[in-house]
Amino acid sequence: MRTSFTSLKRLLLASIVCLLGAAVLTYVVDPLQLFRPSRLMAAFYSDDTRVQNAGLIRSQSFDTAFMGTSLAIHFRQSDIDRVLGVRSLKLAMTGSNSRQQAFVLGQAIDRGARRVIWAMDDFSFVDAADIEADPYLPVDLYRGTARGIASYVFSAAMAKESLFTVMRSVPPLREPLTRAAPYLPVKFALEDVDDIYALPRNFDIARDYNAKKTLAAFAHITAPARSRFLGEGYGYEAMARHFEQDAVGLITRHPDVTFDIYFPPYSILQFVAMRDASPETLKIVTDLTAHIAQRLTQLPNVRLNDFRAIKAVTHDLNNYSDVIHHSPVVDAMVLRWLRSGEYRVDPKKPLASLDQLKAQVEAYRVER
């Protein structure tokens, strides 16, 4: 009996030592760069932006935060910096809602961002969980609470990433492990922060962005069996409430920060799909964006840009991979438009561009 008790104590002691050893390893290596920028060994980055952003905000030097959904995910920070003359930090998160975006932007502003560039999608305002109950965004990690830090240093996944980072720092292993990283179960595999979710520079744009794919996506979402999904989650009252709470709330709390907000250039087929298959959703979208335009243009620290009625782009279906996601070629145009202010919404005519879009949607006929 005494032997069994002693063995149990040794097992517990060994488990505690392993747990503490893993925690120390994660603290020292710090793959997320939550405690300090990487200096002991080369930094690596993850495409898991909801987690990675917590470390980027703490470890990177920036004056501008760039936010959005999947429509903004492929921008490169180096391009933003070069065209707009800023030092940016890309924080865009695929499928993110306005609660998540406002929370992350708030953290970035607290760490020094004085300009925010925000690709504002209408569907980001759909009703969703409050940020405190959000299962997908580790808010305690961003806040650096004891709970957040504990979840980080005692994470088996982070210990694995830390061990892999240490192994990659050994010169004979560096090259083979770097080549193998994309095929291994590790998240922190990117060597350059500029590559987070960016498309490779030799990416075949014509293969993935073309009219054939765009029209196929249009046919898919407007098929009678699927068209009900066009309006899934859309409700004017809830969306307007989240816009006020998340966007206007953040902007008015930071009057010293400049907000460059833009409506992304969806293809015309996004709105035509609603027109043909879900007109009630189209009305919600246009009513909501009218409200947003009227509100934002009255805020002194906001410059609102509307790119949705630029016919030369939105009617050229070769610019898209589906009805909303545009190619990197259009990314470059967006940056130039932001720099020039060519499509900035006039506070005296906040609905002018929306009226143009409505007329285009009404007139457009799909070539089948």
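Residues numbered from 1 in each chain as written. Predicted model: local features only at pLDDT ≥ 70, side-chain atom pairs only at ≥ 80, totals over all residues. Heavy atoms only, no water.

Section: the sheet that holds strand S5 (residues 302-306)
Alright, step 1. A sheet is described by the order of its strands in space; here 5 strands give the open sequence S2-S1-S3-S4-S5, paired in parallel fashion. A strand with exactly one partner marks an edge of an open sheet, and here the two such strands are strand S2 (88-90) and S5. Across this sheet, the average inter-strand angle for adjacent strands is 15 degrees, counted without regard to direction.
Alright, step 2. Where strand S3 (residues 115-119) meets strand S4 (residues 258-263), 5 bridges bridge the pair, whose relative direction is parallel. The residue of S4 that forms the bridge with Arg115 is Thr258. (Pairing = 2+ DSSP bridges. Helix = DSSP H or I, 4+ residues; strand = E, 2+ residues; numbered from the N terminus. Axes fitted to C-alpha atoms, helices over the stretch in contact; angles between N-to-C directions.)

Examining unusual backbone geometry
Alright, step 1. Its identity is not glycine, yet Asp30 carries a phi of approximately 50 degrees, on the positive side.
Alright, step 2. Phi at Gln33 is positive, roughly 55 degrees, even though this residue is not glycine.
Alright, step 3. Residue placement: Gln33 occurs in the loop between helix H1 (2-29) and helix H2 (49-59).
Alright, step 4. Take Gln33: its relative accessible area is 4%, and that puts it in the buried class. (Buried < 20%, exposed > 50% of the residue type's maximum accessible area, 1.4 Å probe, protein only.)

Thoughts on the packing of helix H11 (residues 236-253) against helix H13 (residues 279-296)
Alright, step 1. Relative to each other, H11 and H13 sit at 25 degrees, their axes nearing to 11 Å. By the criterion of interaxial angle, the relationship of H11 to H13 is roughly parallel. By crossing handedness, the relation of H11 to H13 is classed as right-handed. Note on element contacts: H13 touches H11 through Ile284, Asp287, Leu288, His291, Ile292, Arg295 and Leu296, opposite Tyr236, Met239, Ala240, Phe243, Glu244, Val248 and Ile251.
Alright, step 2. For the contact of H11 with H13, the residue count by class is 10 nonpolar, 1 polar and 3 charged. (Parallel < 35°, antiparallel > 145°, perpendicular 65-115°, else oblique. Left-handed = near helix turned anticlockwise from the far one by under 90°. Contact = heavy atoms within 4.5 Å. Nonpolar A, V, L, I, M, F, W, Y, C, P; charged D, E, K, R; others polar.)

Observations regarding a nonpolar patch on the surface
Alright, step 1. A cluster of nonpolar side chains, Ile16, Leu19, Leu20 and Phe154, forms an exposed patch at the surface whose accessible area comes to about 380 Å².
Alright, step 2. Positionally, Ile16 belongs in helix H1. (Patch = residues over 30% accessible without salt bridge, like charges linked within 9 Å, V, L, I, M, F, W, Y side chains within 5 Å. Areas by Shrake-Rupley, 256 points an atom, 1.4 Å probe, with all protein chains shown as cover. Salt bridge = Lys/Arg side-chain N within 4 Å of Asp/Glu carboxyl O.)

Spatial relationships are all this shows, so hold off on functional conclusions.
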